[in-house]
Amino acid sequence: QVQLVESGGGLMQAGGSLRLSCVASGIIFKFNAMNWYRQAPGKQRDLVAGISSGGSVNYADSVKGRFTISRDNAKNTVYLQMNSLKPEDTAVYYCNAAGVLSGRHYWGQGTQVTVSS
């Protein structure tokens with residue numbers, strides 16, 4: 001059974017920082033690209049950041065220079081360090097695993113991030 005469990009969300013004032021974590025089980029973590037998506041109320045779910053199985057990273061333009069994605073294959077964990085938070089970063093953040101070999105996608109349950117002005 002595949003499980004992705006996010007943690008680290010919460011309420012933060014603008015300009016503050018949060019670090020999200022996602023622990024994966026039931027998959028061969030090192031063979032998965034890992035991504036963070038977010039979905040604000042009434043909007044579609046958008047890719048925020050991704051890290052390949054080889055460690056290459058990519059970011060949405062809106063978070064470049066503020067967010068950093070990283071992974072620890074020994075801990076089956078992917079992180080999203082979020083700095084200089086803005087109210088427009090408010091959303092539910094979802095962890096996603098994309099199997100490089102299988103092509104399968106798995107999702108976590110999401111964690112709420114709320115940034116107050």
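The rules we used
Residues numbered from 1 in each chain as written. Predicted model: local features only at pLDDT ≥ 70, side-chain atom pairs only at ≥ 80, totals over all residues. Heavy atoms only, no water. Salt bridge = Lys/Arg side-chain N within 4 Å of Asp/Glu carboxyl O. Helix = DSSP H or I, 4+ residues; strand = E, 2+ residues; numbered from the N terminus. Disulfide = S-S within 2.5 Å. Buried < 20%, exposed > 50% of the residue type's maximum accessible area, 1.4 Å probe, protein only. Contact = heavy atoms within 4.5 Å. Pairing = 2+ DSSP bridges. Polar contact = N/O pair within 3.5 Å; in protein donor to acceptor, adjacent residues only side chain to side chain.

Visitor: Requested: an account of the pattern of salt bridges, with residues and values cited.
Guide: Tallied over the full model, the rule gives 3 salt bridges. Among the salt bridges present, the one from Asp89 reaches Arg38, with a minimum N-O distance of 2.9 Å. Of this pair, Asp89 sits in the loop between β8 (77–82) and β9 (91–99) while Arg38 sits in strand β4 (residues 32–39), and the two are 51 residues apart along the sequence. The network of salt bridges with shared partners includes Arg38, Arg66 and Asp89.

Visitor: I'd like a description of the state of the cysteines, backed by residues and values.
Guide: Per the counting criterion, the structure on display carries 1 disulfide. At a sulfur-sulfur separation of 2.1 Å, the disulfide partner of Cys22 is Cys95. Sign of the S-S torsion, about -80 degrees for the bond between Cys22 and Cys95, identifies this disulfide as left-handed. With Cys22 in strand β3 (residues 18–25) and Cys95 in strand β9, the pair connects residues that are 73 residues apart, well separated along the chain. The pair formed by Cys22 and Cys95 is uniform in burial state, with each residue classed as buried.

Visitor: Tell me about the environment of Asn76, residues and numbers included.
Guide: Relative to the assigned elements, Asn76 resides in the loop between β7 (67–72) and β8. Its relative accessible area of 24% is what places Asn76 among the partly exposed residues. Here the alpha-carbon distance between Asn76 and Trp36, two residues 40 residues apart in the chain, equals 15 Å. Residues contacting Asn76, with those up to four places away along its chain left out, are Cys22, Val23, Ala24 and Phe29.

Visitor: Got a sec to walk through the pairing of strand β11 (residues 111–116)? Specific residues and values, please.
Guide: Burial along β11 is one-sided: the face carrying Thr111, Val113 and Val115 is buried and the face carrying Gln112, Thr114 and Ser116 is not. The pairing of strand β2 (residues 10–13) with β11 spans 4 bridges and is parallel. Bridge assignment links Met12 to a residue of β11, and that residue is Val115.

Visitor: An account of the side chain of Thr77 is requested, with residue identities and associated values reported.
Guide: Within the secondary structure layout, Thr77 lies in strand β8. A relative accessible area of 5% means that Thr77 is categorised as buried. At 2.7 Å, the side chain of Thr77 and the backbone oxygen of Lys75 are in polar contact.

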